[in-house]
Amino acid sequence: MAVQTEIKTYLNYINGSWVSSVSNQVEPSLNPANRHDIVGYVQRSTLEDLNAAVAAAKQAQASWRKRSGVERGEYLYKAARLLEQRLDDIAETMTREMGKTLAEAKAETMRGVHILRYYAGEGARKVGDVIPSSDSEGLMFTTRVPLGVVGVISPWNFPVAIPIWKMAPALAYGNTVVLKPASETAVTAAKVIECFHEAGFPNGVVNMVCGSGSVIGQGIANHPDIDGVTFTGSNAVGKQVGRAAFERGAKYQLEMGGKNPVIVAKDADLDLAVEGTISGGLRSTGQKCTATSRVFIEKEVYEPFKAKLLERVKQLKIGNGLDADTWMGPCASESQLNTVLSYIEKGKAEGAKLLYGGKRCLDGELANGFYVEPTIFEEVNLQMTIAREEIFGPVLALIPVDSIEEAIRLANDTEYGLSASLYTKNIGNALQFIQDIEAGLIKVNAETAGVEFQAPFGGMKQSSSHSREQGQAAIEFFTSIKTVFVKASE
Ligand code: NDP
């Protein structure tokens, strides 16, 4: 094993300065492609660190909210330029820290650039409406004000895009921010925050505190001076965060899991459907909240679809995401790998038939990382755990159906409602699907994963707290509406 000589320690970012935690403790961030590779050390912070960050954000609030939206946008443009200049380094750090391929990491970082630019422009767009008053001498209109201090709790699967799609609108609309990134990807987050620092945001407007979810994440949810909490991650933690914020009257926004279906109609372009199922289900090692998990196929095309899918899956190259020919990297951590393997075992134990994969990859250098084979099950019924719970790994369940109606009914038989897609050439099928499927993101002849930054994103049922992120929809969470009535007085 090569000895790593220089491993950098990344600090918290509070009130415009890079500072160590008062705990004086750090923890390593590991490369899931090679557990001997330490990407960096990050702070193991305490509530005292969080309190300092929140105090700075609160102090900075008064002057930040008074600036014009256009002026605030200028800082976001600067951060976008810096992020774009550092794209290669940040993407490589992301791949080393959580495993997705370099191509995906670069695309995600570029998406971060686009999100920053989009919200920089948002500072110049309208924020309210004039509403006719029943008093003909009165002027009635709405305006919007920022919430105040916003706490951002982000996951590891999109370590650049998710913090940015929460922070950029928060800042554009006049809030100040305290970010707690996922521990798995805190080095990537620190490099993103370096862009905000060098963009020259006033002290205290942007802050980052690294540390455990149970201390810093829960601390954000509970903090009396945090006015809004935006969270993406698991349902169990999301509900805890939402409850804590609700109890103290803070606004909260939760984006959580999915169990996303693809429906393949008998008239579908099967090659397109196979590509979309593989890309949606297995890219990023299945670690997307919008990843395809259940595949409903009309009986007439079940066998040809299955044959094409298996043929294609066999060609996927598994390896280190930094290697140019890798298609699928490792799971993001050992615990994520173990979760995926335990779901595969449950699938087998409950009677599903394993068609492909199902094992940890241990050949050669893969043994140093947390790799799992792409895995396909059939003979799955909807009572089985693998058909009900979010696996967050490269696991697909194939389920034959008699009709599109049956497919939609079974696809809706889940507590989740994040994304869904249908492959068909029949407009009637498409219209029925759009009407009846219970999901916040719906695609026809395109994969379940993939969200464009300028469109609203969020789920139905247990997938979300029912607000929407991104696009102009973000204004709904990050501001409060004031309804104003004005009338002249003699
Ligand atoms: P978590 O929900 O535990 O983590 C998401 C974020 O919440 C992280 O920043 C985490 O911090 C923080 N957190 C953890 N515990 C608390 C707490 N008690 N209070 C406040 N914040 C907390 O997800 P995991 O990373 O553990 O992944 C577990 C599962 O969650 C996955 O297998 C997947 O099913 C799902 N998931 C879904 C995502 C989605 O996009 N829908 C994204 C990520 C995960 P820390 O990293 O320090 O623990």
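Participant: Help me understand the site of the ligand in this model?
Facilitator: Neighbouring residues of the ligand: 28 residues in total, closest Ser 154, Trp 156, Ser 183, Ser 234 and Met 256. Note that an oxygen atom of the ligand is positioned 2.6 Å from one of the side-chain N or O atoms of Trp 156. Contact between the ligand and Glu 390: an oxygen atom at 2.8 Å from a side-chain N or O atom of the residue. If the ligand stood free it would expose 860 Å²; the protein chains cover 84% of that surface. At the level of secondary structure, the elements contributing two or more residues to the shell around the ligand comprise helix 7 (213-222), strand 10 (228-232) and helix 8 (235-247). It is helix 7 that contributes the most residues to the shell around the ligand, 4 residues altogether. The class makeup of the residues in the shell around the ligand is 11 nonpolar, 15 polar and 2 charged.

Participant: Help me out: how do you make sense of helix 9 (residues 270-282) in this one?
Facilitator: Because each turn of an α-helix spans 3.6 residues, side chains separated by three or four positions end up pointing in the same direction. Taking 1.5 Å of rise per residue, the 13 residues of helix 9 would be expected to cover 18 Å, and the 17 Å separating its terminal C-alpha atoms lies within 8% of that figure. With respect to burial, helix 9 is a largely interior element, 10 of its 13 residues being buried. Taken as a whole, helix 9 has its buried residues at Leu 270, Ala 273, Val 274, Gly 276, Thr 277, Ile 278, Ser 279, Gly 280, Gly 281 and Leu 282. Those residues of helix 9 hidden inside the fold are in contact with strand 12 (260-264), strand 13 (292-298), helix 10 (302-313), strand 16 (395-401) and strand 18 (419-423). A side-chain oxygen of the first residue of helix 9 lies 3.1 Å from the backbone nitrogen of Asp 271; this N-cap is Asp 269. Two residues or fewer after helix 9 comes Ser 284, characterised by a positive phi angle close to 55°.

Participant: Would you mind going over the sheet that holds strand 18 with me for this structure?
Facilitator: Adjacent strands of a sheet form backbone hydrogen bonds with each other and so pair up, either parallel or antiparallel. The strand order across the open sheet built from 7 strands is 14-15-16-13-12-18-19, with neighbouring strands paired in mixed fashion. The open sheet terminates on both sides in strands that have one partner only, identified here as strand 14 (353-356) and strand 19 (441-444). Within the sheet, the average angular offset between the axes of one strand and its neighbour, ignoring direction, is 20°. With 5 bridges joining them, strand 13 and strand 16 adopt parallel strand pairing. By the bridge assignment, Ile 297 is partnered in strand 16 with Pro 400. Lying over the sheet, helix 11 (residues 334-349) contacts strand 14, strand 15 (375-378) and strand 16, oriented at roughly 20° with respect to strand 15. Against the sheet, helix 13 (residues 404-411) makes contact with strand 12, strand 13, strand 16 and strand 18, and its axis sits at roughly 160° relative to strand 13, the strand it touches most.

Quick notes on the rules
Residues numbered from 1 in each chain as written. Predicted model: local features only at pLDDT ≥ 70, side-chain atom pairs only at ≥ 80, totals over all residues. Heavy atoms only, no water. Near = heavy atom within 4 Å. Polar contact = N/O pair within 3.5 Å; in protein donor to acceptor, adjacent residues only side chain to side chain. Areas by Shrake-Rupley, 256 points an atom, 1.4 Å probe, with all protein chains shown as cover. Helix = DSSP H or I, 4+ residues; strand = E, 2+ residues; numbered from the N terminus. Nonpolar A, V, L, I, M, F, W, Y, C, P; charged D, E, K, R; others polar. Expected span 1.5 Å × (residues − 1). Buried < 20%, exposed > 50% of the residue type's maximum accessible area, 1.4 Å probe, protein only. Contact = heavy atoms within 4.5 Å. Pairing = 2+ DSSP bridges. Axes fitted to C-alpha atoms, helices over the stretch in contact; angles between N-to-C directions.

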